[in-house]
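Single-letter residue listing:
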Amino acid sequence: MASVALSEAEKVYIVHGVQEDLRVDGRGCEDYRCVEVETDVVSNTSGSARVKLGHTDILVGVKAEMGTPKLEKPNEGYLEFFVDCSANATPEFEGRGGDDLGMEIANTLYRIFNNKGSIDLKSLCISPREHCWILYVDVLLLECGGNLFDAISIAVKAALFNTRIPRVRVLEDEEGSKDIELSDDPYDCIQLSVENVPCIVTLCKIGYRHVVDATLQEEACSLASLLVAVTSKGVVTCMRKVGKGSLDPESIFEMMETGKRVGKVLHTSLQSLLHKEESLGPKRQKVGFLG
Amino acid sequence: MPGDHRRIRGPEESQPPQLYAVGEDEEPAARDPTRLRPVYARAGLLSQAKGSAYLEAGGTKVLCAVSGPLQAEGGERGGGPAGTGGEAPAALRGRLLCDFRRAPFSGRRRRAPPGGGEERELALALQEALEPAVRLGRYPRAQLEVSALLLEDGGSALAAALTAAALALADAGIEMYDLVVGCGLSHTPGPSPTWLLDPTLLEEERAAASLTVALMPVLNQVAGLLGSGEGGPTESWAEAVRLGLEGCQRLYPVLQQCLVRAARRRGAAAPP
């Protein structure tokens, strides 16, 4: 992750402030920064979203392509994640520097989607054992300002909500050769249900308390964080300890509870925002990314 | 005439025959959810490594080797205030590089190394769990290389690898705050979901969720935590973490005995 050089005095200031539930920018320990979400920003994709969380800027594009299902799961499609930490985000990512972080984030995304509940993969199947939809979810890190995992998971959820997969039929000839037919109407699409897609909440341990949505400076003061992936119903799908330090078992339980609480609020606001944006339809004013 | 390998080509990809077998589902036997499989641990068995450990728990066999401290690649210049206890300043601290590998014959299907994303993820999990325990400040500008090799996967492979890696680090004489003990758990699906401690491969495959916990027993601090799946509400996960921590505490005396035996063996073998 991008690192910031902080003096001891600054670290002490941040830590003491957090003990009093007062962070450097005036937020409480459980408050998020202002989040801007916009969907349908890239026209060549099946779905896209841009999320701006403070100084963190993420762009996600989803492309749906047809392929063969995996051997162990012949009736389901699947998702493939790729995270690109571009050199624009921070100079440390120049060349191959960002690859490790990209792999880590992609592996975490695979993990949180690796259960039956998150996405209905059976709806991505066209014909069992032969054709299925593969959703390539590509995440681009444009700017790194702390709290990458949360922003990426919000962007992935928004992009999947925005994804429109064309309806396809497989026709069989008398000779048995199969032909794929795309429907003529460009608006005849399948929409995915993102009710159970989880969002990641990262809780950083600073001193004796933990904070949600840490900035780069706060992350430099924290030795250990807990990453919790929560669905809108409060079901936890993934838990991971991140960082060089260790955590007390009691603080882990407290952090899980905070994660669930904060996650539920995050989900309700994200859902209402996405539905509102969709209801505006083509009349919506587009801002675009880096705008 | 022997087969003409240039003209008669076999299929491009190969699959094991079990994939096409008609569902012969063996149900895992019902058992006490808090039972730990008997563990065999031995440290100091590889002659070429600074420290090594072999751990066997049920069907899971892990071999871990540690080499170092070696000179770190990519010099980093740094200053800053020195830590307490004569430790190097933060920028000059040592590095821990972990590598996790599965032998190709370790699982049901042959997996050629490099295994890709999964092995990198587990290597990162190993590193994040071992870093709190190792006093890296005492090895400035040096790197410690830990490599774990999974010979056979019989369930809770990451937990076994964590424990073996900590034993190997201790065997190598690396300064540590405490040992790291790992424990695996899995959540059975179905009508009465329960968390099972130290699952076998069969139980892990049928699980709805799995969790690996790493504990530093004396300090009672959680060094690592990695879990995923549809485990349910946070109370269920909290119960699983508690069960895992208890399992780690129970495992600790076995590891202490293993290190004592290894030290005795080393002392007896040393020339007078």
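Our subject is the structure that appears above.
Just so it is clear, the structure is predicted and the values come from calculations on it, not from any experiment. (Residues numbered from 1 in each chain as written. Chains lettered and ligands numbered in written order. Predicted model: local features only at pLDDT ≥ 70, side-chain atom pairs only at ≥ 80, totals over all residues. Heavy atoms only, no water.)

### Details of the nonpolar core
Link 1 in the chain: Ranked by size, the top nonpolar core spans 138 residues in total, and within it Val-156 and Leu-160 of chain A together with Leu-130 and Leu-211 of chain B carry the most contacts.
Link 2 in the chain: When neighbours within four sequence positions are excluded, Leu-211 of chain B is seen to be in contact with Met-239 of chain A together with Cys-183, Gly-184, Leu-185, Trp-195, Leu-225, Leu-226, Gly-227, Trp-237, Ala-240 and Val-241 of chain B.
Link 3 in the chain: Core analysis: the next-biggest nonpolar cluster, separate from the first, contains nine residues, Ile-14, Val-18, Cys-29 and Cys-221 of chain A among them. (Core = buried A, V, L, I, M, F, W, Y, C linked by side-chain atoms within 4.5 Å. Buried < 20%, exposed > 50% of the residue type's maximum accessible area, 1.4 Å probe, protein only. Contact = heavy atoms within 4.5 Å.)

### Side note on the packing of aromatic side chains
Link 1 in the chain: Under the criterion given, the structure shown has four aromatic pairs over all chains.
Link 2 in the chain: Ring centres 5.4 Å apart and planes at 85° place the aromatic pair Phe-81 of chain A and Tyr-110 of chain A in the edge-to-face group. Of this pair, Phe-81 of chain A sits in strand E4 (residues 78–85) while Tyr-110 of chain A sits in helix H2 (residues 99–112), and the two are 29 residues apart along the sequence.
Link 3 in the chain: Taking relative accessible area as the criterion, Tyr-110 of chain A reaches 31% and is therefore assigned partly exposed.
Link 4 in the chain: Ring centres of Trp-195 of chain B and Trp-237 of chain B lie 5.4 Å apart, and the angle between their planes is 55°; on these two criteria the pair is classed as tilted. On the criterion of sequence distance, the pair formed by Trp-195 of chain B in strand E7 (residues 195–197) and Trp-237 of chain B in helix H4 (residues 234–269) is long-range, its members being 42 residues apart. Comparing Trp-195 of chain B with Trp-237 of chain B shows no difference in burial state: the two are buried. (Phe/Tyr/Trp six-rings, centres within 6.5 Å; stacked < 30°, edge-to-face > 60°. Helix = DSSP H or I, 4+ residues; strand = E, 2+ residues; numbered from the N terminus.)

### Side note on empty space enclosed by the protein
Link 1 in the chain: With the rule as written, the count across this model stands at two cavities of 30 Å³ or more.
Link 2 in the chain: Taken together, 16 residues line the largest cavity, and the ones lying closest to its centre are Val-39, Ala-57, Gly-182, Asp-198 and Leu-251 of chain B.
Link 3 in the chain: Of all the secondary structure elements, the ones that give two or more residues to the lining of the largest cavity are strand E2 (51–57), helix H2 (157–171) and strand E6 (181–187) of chain B.
Link 4 in the chain: Split by residue class, the lining of the largest cavity holds eight nonpolar, six polar and two charged.
Link 5 in the chain: Here the second largest cavity defines a volume of roughly 90 Å³.
Link 6 in the chain: Lining the second largest cavity are 13 residues, with Ala-125, Ala-129, Gly-224, Leu-225 and Leu-226 of chain B sitting closest to its centre.
Link 7 in the chain: Elements that contribute at least two residues to the lining of the second largest cavity include exactly strand E14 (236–243) of chain A together with helix H1 (117–130), H2, strand E8 (209–216) and strand E9 (221–232) of chain B.
Link 8 in the chain: Grouping the amino acids of the lining of the second largest cavity by side-chain chemistry returns eight nonpolar, two polar and three charged. (1 Å grid on protein atoms, 1.4 Å probe; cavity = no way out; pocket = protein on both sides within 12 Å on 5 of 7 lines; lining within 4 Å. Points joined across faces, edges and corners; volume = space filled by probe spheres on them. Nonpolar A, V, L, I, M, F, W, Y, C, P; charged D, E, K, R; others polar.)

### Here we look at the interface of chain B and chain A
Link 1 in the chain: With 34 residues of chain B at the interface, the matching set in chain A holds 33 residues.
Link 2 in the chain: Note on chain B versus chain A: buried area summed over both sides is about 3000 Å², and carbon and sulfur give 55% of it.
Link 3 in the chain: Taken as a group, Glu-128, Leu-225 and Thr-234 of chain B account for 20% of the area that chain B buries against chain A, more than any other trio of residues on that side.
Link 4 in the chain: Linking chain B with chain A are six salt bridges, by the criterion used here.
Link 5 in the chain: Note that Arg-240 of chain A and Glu-128 of chain B form a salt bridge whose closest N and O atoms lie 3.5 Å from each other.
Link 6 in the chain: Our count for the chain B to chain A interface comes out at 16 residue pairs in polar contact (both at pLDDT 80 or more).
Link 7 in the chain: Only H1, E8, E9 and H4 of chain B provide two or more residues apiece to the side of chain B that touches chain A. (Buried area = accessible area lost by both parts, 1.4 Å probe. Salt bridge = Lys/Arg side-chain N within 4 Å of Asp/Glu carboxyl O. Polar contact = N/O pair within 3.5 Å; in protein donor to acceptor, adjacent residues only side chain to side chain.)

### Some points on the pattern of salt bridges
Residues and elements named next belong to chain B.
Link 1 in the chain: Per the counting criterion, the structure on display carries 28 salt bridges over all chains.
Link 2 in the chain: A salt bridge links Glu-118 to Arg-111, with the nearest nitrogen and oxygen atoms 3.0 Å apart.
Link 3 in the chain: One salt bridge in this structure joins Arg-135 and Glu-175, with 3.3 Å as the shortest N-O distance. A residue pair is termed long-range when its members are at least 10 positions apart, and Arg-135 in the loop between H1 and strand E5 (142–152) and Glu-175 in the loop between H2 and E6 qualify at 40 residues.
Link 4 in the chain: The class for Glu-175 is partly exposed, based on a relative accessible area of 28%.

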